[in-house]
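Descriptive analysis of the structure
Each chain, letter by letter, is given below.
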Amino acid sequence: MTLATLVRDRAGRDPDRVALREKHRGIWREITWARYWQTARAVALGLRALGVGPGDRVAIRSQNRPEWLYAAVAAAALGATVADDGAKVLVAEGQEQVDDALAAPGGLLRIVYLDKAGVWNKYDSGLLLSFGELLEVGRGAEGEMEPPDAAGDPATPIGGPRDLLVSRLPLGEPAGAVAAWANAANGAVLHFGAPEDLREVQPTILLAGPEDWTGLHAGIEARVAGASRLKRANARLWLHRERGSALGWLLCHRALRERIGLRHLRHAGSAGPVPPEVRRFFQGIGVTIEDAT
């Protein structure tokens, strides 16, 4: 199995079910499995028209966003791999990545940029192509797209169709790849947004780095320090315990987890060692942080 075959098959089974959600200008935009596969397929046909084929490499240098997945699934559909060295095509976030690539293009055939700001109409280079233009090439291309059913590593499959998944880990890294596989293999709805969107999403699965968990803990401590005397006393009574209690849940932990976006969390993962005091704090409010890999 590959990401491409998993997405294609899920699109065939559940075309209208939500696969991805992206925060766009303050509003959550839903992407169905049908749209996910149709877009990834168009990207694959576009990449093939640019000269990408089996065994080739496609580089992706961007933050986590749906286009990252479209490009990765497209590469898998062509029998290509996602890698920086020796890539024929680079999918770049924006101006910074484009500048770096143009300074040392190597063997690149094309640079596909995602964000137009600072890029569009700035460069006189035949290497550049917008993501929208790549989609147009793909949608106008001839031929079928049958992904090779090569052996793939589903990383650590977690979750299911009822799960809401947020990952702060880069999709291009092994720990971050867990989110892509959990989404494609098990149907967990993957969200793309900012850290402050946690409360709005209330994920059931959160994958993050040690710095994310430490930052979340620091934010809670700062909020407690700035609270009223009564609320501070209540927090000191029920927080910083290694094990929670039913009374602590009713009087403190439930409201706290709702406020920080972890009310329904059932799986928490970290891509590295979390400081012991931070791990104990979250354990005390009922959140057990496990190894994300």
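Residues numbered from 1 in each chain as written. Predicted model: local features only at pLDDT ≥ 70, side-chain atom pairs only at ≥ 80, totals over all residues. Heavy atoms only, no water.

Comments concerning the overall build of the chain
Across its full length, the chain carries eleven helices and twelve strands. Over its C-alpha atoms, taken along the principal directions, the chain stretches across nearly 65 × 40 × 30 Å. Looking at the chain as a whole, 47% of its 293 residues qualify as buried. A fraction of 68% describes how many contacts in the chain between residues 6 or more apart in sequence connect residues 24 or more apart. Total accessible area on the chain is roughly 14300 Å²; 50% of this is exposed by carbon and sulfur atoms. (Helix = DSSP H or I, 4+ residues; strand = E, 2+ residues; numbered from the N terminus. Buried < 20%, exposed > 50% of the residue type's maximum accessible area, 1.4 Å probe, protein only. Contact = heavy atoms within 4.5 Å. Areas by Shrake-Rupley, 256 points an atom, 1.4 Å probe, with all protein chains shown as cover.)

Here's the deal with helix α2 (residues 33-50)
With 18 residues, α2 extends 26 Å between its outermost C-alpha atoms, agreeing within 8% with the 26 Å of an ideal straight helix rising 1.5 Å per residue. Counted residue by residue, α2 has 13 buried out of 18 residues, so it is predominantly covered. Looking one or two residues past α2, Gly 51 carries a phi angle of roughly 110 degrees, positive in sign. (Expected span 1.5 Å × (residues − 1).)

Points about the sheet that holds strand β6 (residues 110-113)
Strand-to-strand pairing in sheets goes through backbone hydrogen bonds, with the strands running parallel or antiparallel. Read from one edge to the other, the open sheet built from five strands follows the order β4-β3-β5-β6-β7, with strand pairing classed as parallel. At either end of the open sheet lies a strand with only one pairing partner, and these are β4 (81-82) and β7 (128-130). Summarising the sheet, strand β3 (residues 57-61) and strand β5 (residues 89-92) pair through four bridges and their orientation is parallel. Directly across from Ile 60, in β5, lies its bridge partner Val 91. Contacting β6 and β7, helix α5 (residues 131-139) runs over the sheet at an angle of about 80 degrees to β7. (Pairing = 2+ DSSP bridges. Axes fitted to C-alpha atoms, helices over the stretch in contact; angles between N-to-C directions.)

Observations regarding the pairing of β5
Of the two faces of β5, both are covered, the one formed by Val 89 and Val 91 as well as the one formed by Leu 90 and Ala 92. Taken together, the four bridges between β5 and β6 define a ladder with parallel strand orientation. From the neighbouring strand, Val 89 faces β6, where its bridge partner is Arg 110.

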